[in-house]
Amino acid sequence: MPGRYEYEPIKKGTGRTSPVIGIRFLFTKKKALPVTEAKEVKAHQQSQKKQINALRKALECAKKKNGFCAKQDNTKLVCEFCEKGYVLRDYKK
């Protein structure tokens with residue numbers, strides 16, 4: 001654990017945009033471990049979703065340009081898939 005404590009927001013409702021009404025501090029490792037693990041899992045899932053969406057957009061872009069891209073006019077992550085060769089390899093199948 002990087003710090004001496006962990007914290008989690010206490011929200012008024014259950015929605016993503018619910019206002020935070022307080023902060024709960026967790027000082028013991030036994031109570032802080034589930035919160036830390038949940039944060040890591042959520043961050044990993046968000047990263048995977050972002051990469052999957054970028055790959056889909058890169059495939060669409062490659063289909064639109066027939067597999068040849070002279071001008072990179074998409075987001076940085078989408079163009080990185082093309083530069084690394086992932087999209088063209090899948091596009092040719």
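Residues numbered from 1 in each chain as written. Predicted model: local features only at pLDDT ≥ 70, side-chain atom pairs only at ≥ 80, totals over all residues. Heavy atoms only, no water.

**Q** Could you clarify how one ought to interpret the layout of surface pockets in this entry?
**A** The gaps left among the atoms become clear once a water-sized probe is rolled over them. Estimates place the volume of the largest pocket at around 200 Å³. Lining the largest pocket we find Tyr-7, Glu-8, Pro-9, Lys-11, Val-35, Ala-38, Lys-39 and Lys-42. Residue assignment for the lining of the largest pocket shows that the elements contributing at least two residues are β1 (6-11) and α1 (29-64). Grouping the constituent residues of the lining of the largest pocket by class yields four nonpolar, no polar and four charged. (1 Å grid on protein atoms, 1.4 Å probe; cavity = no way out; pocket = protein on both sides within 12 Å on 5 of 7 lines; lining within 4 Å. Points joined across faces, edges and corners; volume = space filled by probe spheres on them. Helix = DSSP H or I, 4+ residues; strand = E, 2+ residues; numbered from the N terminus. Nonpolar A, V, L, I, M, F, W, Y, C, P; charged D, E, K, R; others polar.)

**Q** Even after reading the chapter, I still don't get the pattern of salt bridges, so can you show me in this structure?
**A** Pairing is possible between side chains of opposite charge, provided their charged atoms come close. Considering all chains together, one arrives at one salt bridge under this definition. Measuring nitrogen to oxygen at the nearest pair gives 2.6 Å for the salt bridge that ties Glu-8 to Arg-24. With Glu-8 in strand β1 and Arg-24 in strand β2 (residues 20-26), this residue pair connects regions lying 16 residues apart in the sequence. The partly exposed category is assigned to Glu-8, whose relative accessible area is 22%. (Salt bridge = Lys/Arg side-chain N within 4 Å of Asp/Glu carboxyl O. Buried < 20%, exposed > 50% of the residue type's maximum accessible area, 1.4 Å probe, protein only.)

**Q** Just checking my understanding: could you explain the side chain of Ser-18 for this structure?
**A** By the element assignment, Ser-18 lies in the loop between β1 and β2. Ignoring any residue separated from it by four or fewer positions in sequence, one finds Ser-18 in contact with Lys-11 and Gly-13. (Contact = heavy atoms within 4.5 Å.)

**Q** Would you mind showing me how to read the confidence of the model for the protein chain here?
**A** The predicted coordinates should not be examined in detail at positions where pLDDT is low. Predicted confidence across the protein chain gives a mean pLDDT of 79, with 86% of residues reaching 70 or more. Per-element averaging of pLDDT across the protein chain places helix α3 (residues 86-91) at the bottom with 61 and β2 at the top with 85. (pLDDT = per-residue confidence, 0-100.)

**Q** Help me understand the environment of Leu-77 in this model?
**A** Relative to the helices and strands, Leu-77 resides in helix α2 (residues 76-84). Since its relative accessible area comes to 26%, Leu-77 is described here as partly exposed. Taking C-alpha positions, Leu-77 is 8.9 Å from Ala-58, a pair spaced 19 residues apart along the chain. Setting aside residues up to four positions removed in sequence, Leu-77 forms contacts with Lys-50 and Ala-54.

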